[in-house]
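# Understanding the architecture of this molecule
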Amino acid sequence: MKIFGLAGWSGSGKTTLMTRLIPAVVARGFSVSTVKHAHRGFDIDQRGKDSYEHREAGAKEVMIASAKRWALMHELRTDHEPTIHELIANMAPVDLLLVEGFKQADYDKIEVHRVANGKPLLLPKDPRIVALASDQHLDAGHLPRFDLNDAEAIAGFIVAHCGLVPAPQGVA
C-alpha cells in the first residue's frame, strides 16, 4: 500500500483538495482510502443513539454495522493518541492511502498552502515534502509547484511519485 499525504496549516484547503483528488485517483483505476487528523476532539456518534450509549457506558470499542457500511469507534480513554503508523496498521490494504494532516509524519507529502492564511511554508523544515500546491505562485525551490485548484495535475503527480501503475485495460 502506497502512502502519500497532504500537509498544511488549518484553512489551507487540504480537505477541499482531498475531495477532488480522491475521484481523480479512482478514475485512474486505483483504490483509495483516507486518514484525517483532527486537532480537536470529535464525535461521529449522536447522543441518544444506542451506539453512543454503549460508548458512554464505558465500552472500549463499539461497532455499528448495516447493509451499507460499518464503523468501529475506539475510545482511547487513558491510552495515548495513536501514531499515524498505528492507525495505518488498522486500515484494509488499498492501492493508495491518502493522509490529511499529520504534518510531522515520516512519509512523502505535498504541502497545501494558502497565502491569505499568513502562515509560513512548512517545506523548508520538512524533507518529506516533495511538492507544493498553492493559490499563488511561490518559490518552491527545486520542488514541483502546482496550482491548488489543479487536482488532476496533482493526482497525476501523486500517482507517478508513488510508482502506481494502472492495470492493463480489461484486467480488474
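Look a little higher up for the structure.
Residues numbered from 1 in each chain as written. Predicted model: local features only at pLDDT ≥ 70, side-chain atom pairs only at ≥ 80, totals over all residues. Heavy atoms only, no water.

### Quick look at the overall build of the protein
Within the protein, the secondary structure is distributed over four helices and eight strands. Going from the N terminus to the C terminus, the protein shows its helices and strands as β-α-β-α-β-β-α-β-β-β-β-α. Dimensions along the principal axes, computed over C-alpha positions, put the protein at roughly 55 × 50 × 25 Å. Here the protein holds 172 residues, and the buried ones make up 36% of them. Carbon and sulfur atoms form 54% of the exposed surface of the protein, whose accessible area is close to 10,600 Å². Across the protein, the centroid of the 20 positively charged side chains sits 3 Å from that of the 21 negatively charged ones. (Helix = DSSP H or I, 4+ residues; strand = E, 2+ residues; numbered from the N terminus. Buried < 20%, exposed > 50% of the residue type's maximum accessible area, 1.4 Å probe, protein only. Areas by Shrake-Rupley, 256 points an atom, 1.4 Å probe, with all protein chains shown as cover. Lys, Arg positive; Asp, Glu negative; His and termini not counted. Charge placed at Lys NZ, Arg CZ, Asp CG, Glu CD.)

### Section: the packing of aromatic side chains
Aromatic ring pairs are described here by two measures, namely the spacing of the ring centres and the angle between the planes. One pass over the structure, following the stated rule, counts two aromatic pairs. A centroid spacing of 6.5 Å and a plane angle of 75° characterise the contact between Phe 4 and Phe 157, whose relative ring orientation is edge-to-face. Here Phe 157 lies in helix H4 (residues 151-161) and Phe 4 lies in strand S1 (residues 2-7), a separation of 153 residues in the sequence. Residue Phe 4 shares its accessibility class with Phe 157, and that shared class is buried. Ring centres 5.3 Å apart and planes at 55° place the aromatic pair Phe 146 and Phe 157 in the tilted group. Here Phe 157 lies in helix H4 and Phe 146 lies in strand S8 (residues 145-147), a separation of 11 residues in the sequence. Pairwise contacts between aromatic rings join Phe 4, Phe 146 and Phe 157 into one cluster. Against the face of Tyr 107 rests Lys 109, its NZ or CZ located 5.1 Å from the ring centre. Of note, Lys 119 hangs over the ring of Trp 9, and the distance from its end group to the ring centre comes to 5.2 Å. (Phe/Tyr/Trp six-rings, centres within 6.5 Å; stacked < 30°, edge-to-face > 60°. Lys NZ or Arg CZ within 6 Å of the ring centre and 35° of its normal.)

### A word on the pattern of salt bridges
All told, the structure shown has five salt bridges when counted by the stated rule. Where Asp 108 meets Arg 128, a salt bridge forms, and the shortest distance between an N and an O atom there is 2.9 Å. Pair noted here: Asp 108 is in the loop between strand S5 (96-100) and strand S6 (109-113) and Arg 128 is in the loop between S6 and strand S7 (129-134), with a separation of 20 residues, a long-range link. Classification of Arg 128 by relative accessible area gives partly exposed; the value is 31%. A salt bridge links Asp 135 to Arg 114, with the nearest nitrogen and oxygen atoms 3.9 Å apart. Placement of Asp 135 in the loop between S7 and S8 and of Arg 114 in the loop between S6 and S7 is noted, with a sequence separation of 21 residues between them. A relative accessible area of 29% places Arg 114 in the partly exposed class. (Salt bridge = Lys/Arg side-chain N within 4 Å of Asp/Glu carboxyl O.)

### Things to note about the packing of helix H1 (residues 14-26) against H4
At a closest axis distance of 9 Å, the pairing of H1 and H4 adopts a crossing angle of 65°. When you trace H1 past H4, the crossing you get is right-handed. Listed contacts from H4 to Leu 17, Arg 20, Leu 21, Ala 24 and Val 25 of H1 are Ala 151, Glu 152, Ile 154, Ala 155, Ile 158 and Val 159. (Axes fitted to C-alpha atoms, helices over the stretch in contact; angles between N-to-C directions. Left-handed = near helix turned anticlockwise from the far one by under 90°. Contact = heavy atoms within 4.5 Å.)

### Let's talk about the sheet that holds S8
Spatial strand order, S2-S5-S1-S6-S7-S8: six strands in an open sheet with parallel pairing. Pairing within the sheet leaves two strands with one partner each, and these edge strands are strand S2 (32-36) and S8. With direction set aside, neighbouring strand axes in the sheet form an average angle of 25°. Relative to S5, S1 runs parallel, the two sharing five bridges. In the sheet register, Gly 5 faces S5, and the bridge partner there is Val 99. Across the sheet, H1 touches S1, S2, S5 and S6, and the angle it forms with S5 is around 170°. (Pairing = 2+ DSSP bridges.)

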